[in-house]
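# Chain and residue survey
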Amino acid sequence: LRAALTWAIRHGEAELGLRLARALRPFWYARGHYVEGRGWVARFLGGLAELFVGKEDYVRAQGLYEEVLDLSRQMEDASTLVDCLIKLGYISLFSRDHLKATALGEEAVMLSQERGYTADLARALNCLGWARLLEGDYERARDSYAQTLALYTELGDRTIAAESLEGLACAAGTRGDAGRSARYFGAAEAMGYRGTPARVALREPYLAAARSLVDEATWRAVYAKGRSADIEEIISRALEEARNRSE
């Protein structure tokens, strides 16, 4: 039975695996393997949710992730719980439900800090940053992104750092700082950041607003400087600017 379930995972057969894991519910209970049974179900639910995310069917993905969330709480599986909170947080952002995204992001940040999940903490902080941007709390959004960037040296994850820079670019634009916004947007692109269509849609209103603050030639020139700048230097300057504003 376990070999069949493992086969389904390895071959990406999430729907088949989910049906099998659920059909085996009497077996799990008869043998006292409650946690293992829930674990298999949670893994296949998560895999199926990922398929729907890939199709941008966030309504169906959300329902599946909420099932995983409930199971992970029952199993006290902190790692799966945090991952699910972050994914549900982003899905809430895509529907512009910033209140729900904030609640999910804050719980994910708290659990990640308690458990020492540094990579998840960075993801959760970025999610929380977007939620705060949508809420209009630009200063706290900026602080969330800066905290993520501060983890870059430890993680070395360029995708997470690039998303943070993009968030900082959005926050800078809301303060009327088109220069900093253009520079950060350029640096984020230089790091190879290519968000999903739903994530790109989050930033578009802020990008358009920032670009409208200056003429196109000026924007392009500063953007190009950010794109060609040393990434380590850009991150260092961004952190220094964040520290100076908090003093």
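Read on for an overview of the structure. This structure is a prediction, so every number in the text was calculated from the model and none was measured. (Residues numbered from 1 in each chain as written. Predicted model: local features only at pLDDT ≥ 70, side-chain atom pairs only at ≥ 80, totals over all residues. Heavy atoms only, no water.)

All right, on to the packing of aromatic side chains then. Evaluated as defined, the whole model comprises four aromatic pairs. With a centroid separation of 4.9 Å and 55° between ring planes, the pair formed by Tyr58 and Phe94 is classed as tilted. Highlighted residues: Tyr58 in helix α5 (residues 58-75) and Phe94 in helix α6 (residues 78-94), separated in sequence by 36 residues. Note on Phe185 and Trp219: the rings are 6.3 Å apart at their centroids and 50° apart in plane angle, and the pair reads as tilted. Here Trp219 lies in helix α14 (residues 216-228) and Phe185 lies in helix α12 (residues 178-190), a separation of 34 residues in the sequence. The burial state of Phe185 is the same as that of Trp219; both residues are buried. An aromatic cluster is defined as three or more aromatic residues linked by ring pairs; in this entry it consists of Tyr58, Tyr90 and Phe94. The lysine or arginine in question, Arg199, covers the ring of Tyr90, its NZ or CZ lying 3.9 Å from the ring centre. (Phe/Tyr/Trp six-rings, centres within 6.5 Å; stacked < 30°, edge-to-face > 60°. Helix = DSSP H or I, 4+ residues; strand = E, 2+ residues; numbered from the N terminus. Buried < 20%, exposed > 50% of the residue type's maximum accessible area, 1.4 Å probe, protein only. Lys NZ or Arg CZ within 6 Å of the ring centre and 35° of its normal.)

It is worth spelling out the nonpolar core at this point. Among the nonpolar cores identified, the biggest contains 69 residues, and Leu93, Trp130, Leu133, Leu149, Leu165 and Ile235 are the most heavily contacted of them. With 10 residues, α6 is the single largest residue contributor to this core. When near neighbours in sequence (up to four residues on either side) are disregarded, Leu93 contacts Ala101, Cys127, Trp130, Ala131, Leu134 and Leu202. (Core = buried A, V, L, I, M, F, W, Y, C linked by side-chain atoms within 4.5 Å. Contact = heavy atoms within 4.5 Å.)

Taken as a whole, the largest pocket holds about 320 Å³ of empty space. For the largest pocket, the lining is made up of 16 residues, of which Lys87, Tyr90, Phe94, Arg123 and Arg199 are closest to its centre. Looking at the lining of the largest pocket, the elements that each hand over two or more residues are α4 (34-54), α5, α6, α8 (118-135) and α11 (158-174). Top contributing element to the lining of the largest pocket by residue count: α6, with five residues. In the lining of the largest pocket, the residues fall into eight nonpolar, three polar and five charged. Approximately 250 Å³ is the volume attributed to the second largest pocket. Around the second largest pocket sit 15 residues that line it, and Phe185, Glu189, Arg203, Leu207 and Tyr223 are the ones nearest its centre. The set of elements that each furnish at least two residues to the lining of the second largest pocket consists of α12, α13 (197-211) and α14. Its residues assigned to classes, the lining of the second largest pocket shows seven nonpolar, one polar and seven charged. (1 Å grid on protein atoms, 1.4 Å probe; cavity = no way out; pocket = protein on both sides within 12 Å on 5 of 7 lines; lining within 4 Å. Points joined across faces, edges and corners; volume = space filled by probe spheres on them. Nonpolar A, V, L, I, M, F, W, Y, C, P; charged D, E, K, R; others polar.)

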